[in-house]
Amino acid sequence: MIIIACGKGGCGKSTISSLLAREYARQGKNILVIDTDESNYGLHRQLGCELPKNLTEYFGGRTDIMKAKTEDAILFDKKWTISDIPSEYVSENAGVKLVAIGKIDEANEGCACAMGVLTKNLLPNLDLGENDVVLIDSEAGVEHFGRGVDNQVDHIMMVIDPSYESLRLAGKVGSMGAELGKEVFYVLNKADEMQVESMKEAMGDKKIAAVIYANRDVLQKGLMGEALDIQLDEITKLSNALA
Ligand SMILES: Nc1ncnc2c1ncn2[C@@H]1O[C@H](COP(=O)(O)OP(=O)(O)O)[C@@H](O)[C@H]1O
Ligand SMILES: [Mg+2]
C-alpha cells in the first residue's frame, strides 16, 4: 500500500506522517517513509533517526537523472523490495525506515525536477507485499499531482490545519483525487474544538478520517527536534481507515 501525505506548508504533513509511521511499526507493518520534500529538514528528527543520504546520489546525481529521464529503464533495471534499497540510503528507528529522495542544499543548485523524476520512477519499481506500507511525505502544495506522483499511490491523505488556505486546497485536492479515482482521507490537524466545528462545516459532505487536536507534547517535541514517540487514538483510527 502506498499513501501520500499532502497539504499546505506547515499544516502538519511531516508530523502526521511520523505519528502514523510509528503506529504502523507498532502494528508490525514493514513501514517505509519516503521524504520527497526537497526543503524539509525536520522529518528525520521527528522519526528519531539520522538524515539519510540523498537517493539521487545513488543514480549519479541530479544531472544524470535528468539525462536518463527519457529512458526510464536506465534508472531501474529491476524491481526493488523495501529491503533491496541500498542500506547506506536508509535510516531506521523504532521499526520505521526512512529514505530521502533529495534536498536542495546550496544556492543556485537548480530546480527539483530530478527529484520528481526519481520519485515517479521509484514508486512503480517497488515490489510491495501485503505487510508493506509506503508513506510519502510530500512537498507543500499540489506540484506532486502535476508531476504524476499521485497516479501511483493507493490513497491520498490530506492534512488540513485551521486556515482558509487549507480549506480551499482541500476542495482542489478533492477534485484532483476524484479525477485520479483515488480516495482522499482528510485529517483535521492542529485545531481546538471550536475551530474543528467551523472546519467540519466548511468541509460540507467531505468525510473526515481523523481529527488531531492541537497537542502541546507534539508541538514541544517538534520544537526541540525530538522523536514523536506519542501514541494517539485518532492516529490508530486513521491507520485502520487507510489500511
Ligand atoms: N497536532 C499538532 N499539535 C501541535 N503542533 C503541531 C501539530 N501538528 C503539527 N504541529 C506543529 O506544526 C508545525 C508544522 O508541522 P510540520 O509537520 O512540520 O508541517 P509540514 O510538514 O506540513 O510543513 C511544527 O512546529 C509542528 O510541531
Ligand atoms: Mg514537512
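Just above, that's the structure.
This section reports on the structure supplied with the text. As the structure is a prediction and not an experimental result, all values here were calculated from the model. (Residues numbered from 1 in each chain as written. Chains lettered and ligands numbered in written order. Predicted model: local features only at pLDDT ≥ 70, side-chain atom pairs only at ≥ 80, totals over all residues. Heavy atoms only, no water.)

**Topic: the packing of aromatic side chains**
Then, number 1: In this structure the tally under the stated criterion is six aromatic pairs.
Then, number 2: A ring pair is formed by Y58 and F59, whose centres lie 5.0 Å apart and whose planes are at 80 degrees; its orientation type is edge-to-face.
Then, number 3: For Y58, a relative accessible area of 41% translates into the label partly exposed.
Then, number 4: Residue classification places F59 among the buried positions, given a relative accessible area of 12%.
Then, number 5: Among the aromatic residues, ring-to-ring pairing joins Y58, F59, F76, W80 and Y89 into one connected group. (Phe/Tyr/Trp six-rings, centres within 6.5 Å; stacked < 30°, edge-to-face > 60°. Buried < 20%, exposed > 50% of the residue type's maximum accessible area, 1.4 Å probe, protein only.)

**Some thoughts on the site of ligand 1**
Then, number 1: If you check the shell around ligand 1, you find 18 residues, and the closest are G10, K13, T15, N189 and N215.
Then, number 2: Here K13 contributes a side-chain N or O atom positioned 2.8 Å from an oxygen atom of ligand 1.
Then, number 3: Between a nitrogen atom of ligand 1 and a main-chain N or O atom of Y213, the distance comes to 3.3 Å.
Then, number 4: In the complex, 80% of the free accessible area of ligand 1, which totals 560 Å², lies under the protein chains.
Then, number 5: Of the pockets mapped on this structure, ligand 1 occupies the largest pocket.
Then, number 6: When residues of the shell around ligand 1 are traced back to their parent elements, those giving at least two are α1 (13-26), β7 (183-191), β8 (208-213) and α9 (216-224).
Then, number 7: Along the lines of polarity and charge, the residues of the shell around ligand 1 split into six nonpolar, nine polar and three charged. (Near = heavy atom within 4 Å. Polar contact = N/O pair within 3.5 Å; in protein donor to acceptor, adjacent residues only side chain to side chain. Areas by Shrake-Rupley, 256 points an atom, 1.4 Å probe, with all protein chains shown as cover. 1 Å grid on protein atoms, 1.4 Å probe; cavity = no way out; pocket = protein on both sides within 12 Å on 5 of 7 lines; lining within 4 Å. Sits in = over half its atoms within 2 Å of the grid points. Helix = DSSP H or I, 4+ residues; strand = E, 2+ residues; numbered from the N terminus. Nonpolar A, V, L, I, M, F, W, Y, C, P; charged D, E, K, R; others polar.)

**Describing the pairing of strand β4 (residues 96-100)**
Then, number 1: With five of its five residues buried, β4 lies for the most part within the structure.
Then, number 2: Relative to β4, strand β2 (residues 30-35) is paired through five bridges, and the arrangement is parallel. Paired with I34 across the two strands is V99, which belongs to β4.
Then, number 3: The antiparallel hairpin formed by strand β3 (residues 91-93) and β4 contains two residues in its connecting segment, where A94 sits at a positive phi of about 50 degrees. (Pairing = 2+ DSSP bridges.)

**Observations regarding unusual backbone geometry**
Then, number 1: In this structure, A94 takes a positive phi of about 50 degrees despite not being glycine.
Then, number 2: With respect to the element layout, A94 can be found in the loop between β3 and β4.
Then, number 3: Although it is not a glycine, K190 adopts a positive phi angle of roughly 65 degrees.
Then, number 4: Here K190 falls in the partly exposed class, since its relative accessible area comes to 41%.

**Some points on the environment of A210**
Then, number 1: With respect to the element layout, A210 can be found in strand β8.
Then, number 2: Each C-alpha atom of the pair A210 and S138 lies 19 Å from the other, and the pair is 72 residues apart in sequence.
Then, number 3: Among all residues touching A210, those that are not within four sequence positions of it are Y186, V187, L188, E234 and L238. (Contact = heavy atoms within 4.5 Å.)

**Quick look at the pattern of salt bridges**
Then, number 1: Following the criterion strictly, the structure yields five salt bridges and no others.
Then, number 2: The partner of K78 in a salt bridge is D84, with the nearest N and O atoms 3.7 Å apart.
Then, number 3: Linking K221 and D229 is a salt bridge whose minimum nitrogen-to-oxygen distance equals 3.0 Å. (Salt bridge = Lys/Arg side-chain N within 4 Å of Asp/Glu carboxyl O.)

**A word on the sheet that holds strand β1 (residues 2-6)**
Then, number 1: Taken in spatial order, the eight strands make up an open sheet running β3-β4-β2-β5-β1-β6-β7-β8, and their pairing is mixed. Strands with a single pairing partner mark the edges of an open sheet, and in this sheet they are β3 and β8. Across the sheet, the axes of successive neighbouring strands diverge by a mean angle of 20 degrees, strand direction being ignored.
Then, number 2: Bridge analysis of β2 against strand β5 (residues 132-137) gives six bridges, and the strand direction is parallel. (Axes fitted to C-alpha atoms, helices over the stretch in contact; angles between N-to-C directions.)

**Quick look at the nonpolar core**
Nonpolar side chains in soluble globular proteins tend to end up buried together.
Then, number 1: In this structure, I34, I136 and M158 are the most contacted members of the largest nonpolar core, which totals 45 residues.
Then, number 2: Top element by residues in this core is helix α5 (residues 113-122). It accounts for five residues.
Then, number 3: The contact partners of M158, leaving out residues within four places of it in the chain, are C6, G7, S166, L169, A170, V173, V184, F185, Y186 and V187.
Then, number 4: Judged by nonpolar contacts, the second largest core, of 32 residues, contains Y24, L98, M157 and I230. (Core = buried A, V, L, I, M, F, W, Y, C linked by side-chain atoms within 4.5 Å.)

**Re the layout of surface pockets**
Over the atoms rolls a probe the size of a water molecule, and its path tells where empty space is left.
Then, number 1: Within this model, the largest pocket holds a volume of roughly 540 Å³.
Then, number 2: Taken together, 29 residues form the lining of the largest pocket, with G10, G12, T15, Q46 and K190 sitting closest to its centre.
Then, number 3: Where the lining of the largest pocket is concerned, the elements lending two or more residues are α1, α2 (43-47), β7, β8 and α9.
Then, number 4: Taken together, the residues of the lining of the largest pocket break down into nine nonpolar, twelve polar and eight charged. (Points joined across faces, edges and corners; volume = space filled by probe spheres on them.)

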